[in-house]
Amino acid sequence: MRDLEKTFNHAFESYSDELFRHASMRMKDRDRALELTQECFMKVWEYAQKGGEIRELRPFLYRTLRHLIIDEYRRKKPVSLEQMVEGDGDERSVEDLLPQDESNTLEAAIERFEGKRALAALQELPDAYREALSMRYIDGLSPREIGDIVGETENSVSVRIHRGLKKLKELLEHHD
Amino acid sequence: MTNLHNIRNEAEKIRLRSAEKSAMRASIFGTPTPVVLHRSSYVFLSPRYLVPLFVVLVVFIGGGTTSAAQGALPGDLLYPVKVSINETVEVALAPTPAAKAEVQVRLAERRVEEAQKLSLQGRLNKKTAKILSDDFDEHAARAVALAGPEPQEQITAAAPAEPEETLAPAQTTMMFQATIEATTTEATTTLEQEKPSLKKSKDRRNVLRESLRESLRIQSDILQELKTRASETELQNER
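Novice: When you look at the overall build of chain B in this model, what are you seeing that I'm missing?
Specialist: Scanning chain B from N- to C-terminus turns up ten helices and zero strands. Ordered by position from N to C terminus, the α and β elements of chain B give α-α-α-α-α-α-α-α-α-α. Scored against the burial criterion, the 239 residues of chain B give a buried share of 30%. Once local pairs closer than 6 in sequence are excluded, the contacts in chain B between residues at least 24 apart make up 77%.

What follows is the structure, given as structure tokens:
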């Protein structure tokens, strides 16, 4: 029991900031992001205390947070659910054929913009892209890790990241 | 591996404030861990404090350096002032061995906080981590020694102060700060802890010692982790 609490204490120290950051990227409201982060830790802690099996804490925490965020969206604005799935699927096969380094070109293009602006633009994207891009570039997760968390294949995550980058670049250049 | 540093660096600024973090920790784990030892808010009213308080106020108003040093981190110009003047004074002004133990724990905790701050700013390297953790060990050892091996009745003022601790003023700064800290994170727990404090002081000392050990253990683990992380990043940077 002691050990469990200790492990969890460490997890809280190490991941609370990054989970809060992630929640902040998805929620417009800072207080709400705070509450969701706390709820996420409480849920996982409760689960762990009841003897639930958790193999790796970090992805588990992300998954839990993700569910909470989805619940939040459902409760608040059902419309945005359509946005969340917008456009994915049909062009997938085309995207797969894209040269690998096009993502790099996009990254480089976005990198030229000032951080504050780029982050603000990222927050304007539909949530599905915002989620994928935050996990990839802010939380530093690999496409495979993201796939595990959101329950999709590494490939479709890569596609979404790529498409998100494209949108982000358009958004930034459009504002110029 | 990961690009988009512009966004990443900007997003790094989004983080929990320390008050938010401790409040969150408190609601997740029930009590705030690291466990904070009992501190009465009315401690200033005892005559034992009023005299030094007065002296210290004079100095506090005049000497900004020591208070400015309070937020210093290792590597900052004022850090030596903080450690060698402010903190020595802090220990020296604690009236009883139990109070001295509390101060020692607080100082140990402060080393961990400093390590965390440095780590967040990417300034924690192997050398600083070593210094901080040595200092932590020293304070922790003193705290444990002061808490005493066996439950004892209240030791009176007969207990001599440690020789190297000179009594100097300027300590209210920290006391004020401690109280401020106390009001934010411990507001809830003070109430809970005040009840047992009404019981026999023997019980209280036992509880105190237990929570002190626990607190130090957790802190020490956190510090250890930061230390490992610091040397890992250093290795990566060398490559």
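Don't stop here, the text continues.
Novice: Honestly, the overall build of chain A in this entry has me stumped. Any pointers?
Specialist: Counting its regular elements, chain A contains ten helices and zero strands. Counting the 176 residues in chain A, one finds 34% classified as buried. Partitioning the intrachain contacts of chain A with sequence separation of at least 6 by distance along the chain shows that 70% fall at a separation of at least 24.

Novice: Which parts of the structure should I look at to understand the interface of chain A and chain B?
Specialist: When the parts come together, some accessible area is lost, and that loss is often what is quoted as the size of the interface. Contacts between the two partners involve 28 residues from chain A and, on the opposite side, 24 residues from chain B. Only helix H1 (2-26), helix H2 (30-49), helix H6 (102-111), helix H7 (115-122) and helix H8 (127-138) of chain A provide two or more residues apiece to the side of chain A that touches chain B. In terms of residues, the side of chain A that touches chain B owes the most to one element, H1(A), which gives ten residues. Class assignment for the residues of the side of chain A that touches chain B results in 13 nonpolar, seven polar and eight charged.

Novice: What am I meant to see in the packing of helix H3 (residues 57-76) of chain A against helix H9 (residues 143-150) of chain A here?
Specialist: Any two packed helices are characterised by the angle at which their axes cross and by the distance between the axes. Residues and elements named next belong to chain A. Orientation of H3 relative to H9, taken along the N-to-C sense of each, is 50 degrees, at an axis distance of 9 Å. Judged by the angle between their axes, H3 and H9 are oblique. Here H3 and H9 pass one another in a crossing that is right-handed. The segment H3 lies against H9, with Pro59, Tyr62, Arg63 and Arg66 engaging Glu145, Asp148, Ile149 and Val150. Of the residues in the contact of H3 with H9, the class split is four nonpolar, no polar and four charged.

Novice: Would you mind going over H2(A) with me for this structure?
Specialist: Each turn of an α-helix holds 3.6 residues, which means side chains three or four residues apart point in the same direction. Over its 20 residues, H2(A) runs 29 Å from end to end, which matches the ideal 28 Å to within 8%, given 1.5 Å per residue. On its buried face, H2(A) sits against H1 and H3 of chain A together with helix H2 (18-29) of chain B. Once H2(A) finishes, Gly51(A) follows within two positions and takes phi at roughly 90 degrees, a positive value.

Novice: What am I meant to see in the packing of H1(A) against H8(A) here?
Specialist: All names here are of chain A. Where H1 contacts H8, the two axes come as close as 10 Å, and the packing angle between them is 150 degrees. Taken together, H1 and H8 sit at an angle that is classed as roughly antiparallel. Our pair here, H1 against H8, has a crossing hand that is right-handed. In contact with Arg21, His22, Met25 and Arg26 of H1, H8 contributes Asp127, Arg130, Glu131, Ser134 and Ile138. Residue composition of the contact of H1 with H8, grouped by class: two nonpolar, two polar and five charged.

Novice: Looking at this structure, how should I read the nonpolar core?
Specialist: Leu65(A), Ala132(A) and Ile7(B) are the most contacted members of the largest nonpolar core, which totals 44 residues. Looking at which element gives the most residues to this core, the answer is H1(A), with eight residues. Those residues in contact with Leu65(A), other than ones at most four positions away along the chain, are Leu19(A), His22(A), Ala23(A), Leu36(A) and Cys40(A). Listed in part, the 28 residues of the second largest apolar core include Ala98(B), Ala129(B), Ala140(B) and Leu212(B).

Novice: Help me understand the confidence of the model for chain B, please; the structure alone is not making it clear to me.
Specialist: In regions of low pLDDT, the predicted coordinates are not meant to be interpreted in detail. All names here are of chain B. On average, residues of chain B score 69 in pLDDT, and 58% of them reach the 70 mark or higher. Averaged pLDDT values over the elements of chain B bottom out at 45 in helix H9 (residues 187-198) and peak at 86 in helix H1 (residues 5-12). Counting interchain partners and residues more than four positions distant, the pLDDT-below-50 stretch residues 32-38 has 26 contacts. Under the prediction, the complex receives an ipTM of 0.76, its pTM being 0.48.

Novice: Which parts of the structure should I look at to understand the confidence of the model for chain A?
Specialist: Overall, the predicted model of chain A reaches an average pLDDT of 84, with 84% of residues at or above 70. Note that residues 88-93 of chain A has pLDDT below 50 and, in this model, four contacts with residues that lie over four places away or in other chains.

Novice: I would appreciate a short explanation of helix H7 (residues 126-147) of chain B in the present structure.
Specialist: All names here are of chain B. An ideal rise of 1.5 Å per residue puts 32 Å on 22 residues; H7 measures up with 31 Å between its terminal C-alpha atoms. All buried positions along H7 are accounted for by Ala129, Leu132, Phe136, His139, Ala140, Ala143, Leu146 and Ala147. Buried residues of H7 fall within an arc of 125 degrees about the axis and therefore sit on the same side. Facing away from the buried side of H7 by over 90 degrees, the exposed positions are Lys127 and Asp134.

Novice: Could you clarify how one ought to interpret the environment of Glu138(B) in this entry?
Specialist: On the secondary structure map, Glu138(B) appears in helix H7. Spatially, the C-alpha atoms of Glu138(B) and Gln104(B) are 9.0 Å apart, while their sequence positions differ by 34 residues.

Criteria and thresholds
Sequence order sets the numbering: in each chain, residues are counted from 1 along the sequence as written. Going through the entries in the order they are written, you letter the chains from A and number the ligands from 1. Confidence filtering applies because this is a predicted model: local features only for residues at pLDDT of at least 70, side-chain atom pairs given and counted only at 80 or more, and all residues used for totals across whole chains, interfaces and linings. The secondary structure listing takes helices from DSSP runs of H or I that are at least 4 residues long and strands from runs of E that are at least 2 residues long, numbered from the N terminus. Note on burial: count the other C-beta atoms lying within 10 Å of the residue's C-beta; 20 or more is buried, 12 or fewer is exposed, in between is partly exposed, and C-beta positions come from the backbone. Placing a C-beta atom from the backbone of each residue, one calls two residues in contact when those atoms lie within 7 Å. Each residue receives one of three labels: charged for Asp, Glu, Lys and Arg, nonpolar for Ala, Val, Leu, Ile, Met, Phe, Trp, Tyr, Cys and Pro, and polar for the others, Gly being one of them. Orientation is described by lines fitted to C-alpha atoms, with helices fitted over the stretch in contact, and by angles between N-to-C directions that extend from 0 to 180 degrees. To sort the angles, those under 35 degrees are grouped as roughly parallel, those over 145 as roughly antiparallel, those from 65 to 115 as roughly perpendicular, and the leftovers as oblique. Crossings are assigned a handedness: left-handed for a near helix turned anticlockwise from the far helix by less than a right angle, right-handed for a clockwise turn. Each helix should span, by expectation, one fewer than its residue count multiplied by 1.5 Å. To count as a nonpolar core, a set of buried Ala, Val, Leu, Ile, Met, Phe, Trp, Tyr and Cys residues must be joined through C-beta atoms within 7 Å. Confidence scores per residue from the predictor, reported as pLDDT, run from 0 to 100. Directions are taken from the helix axis to each C-beta atom, and the arc is the one they span.

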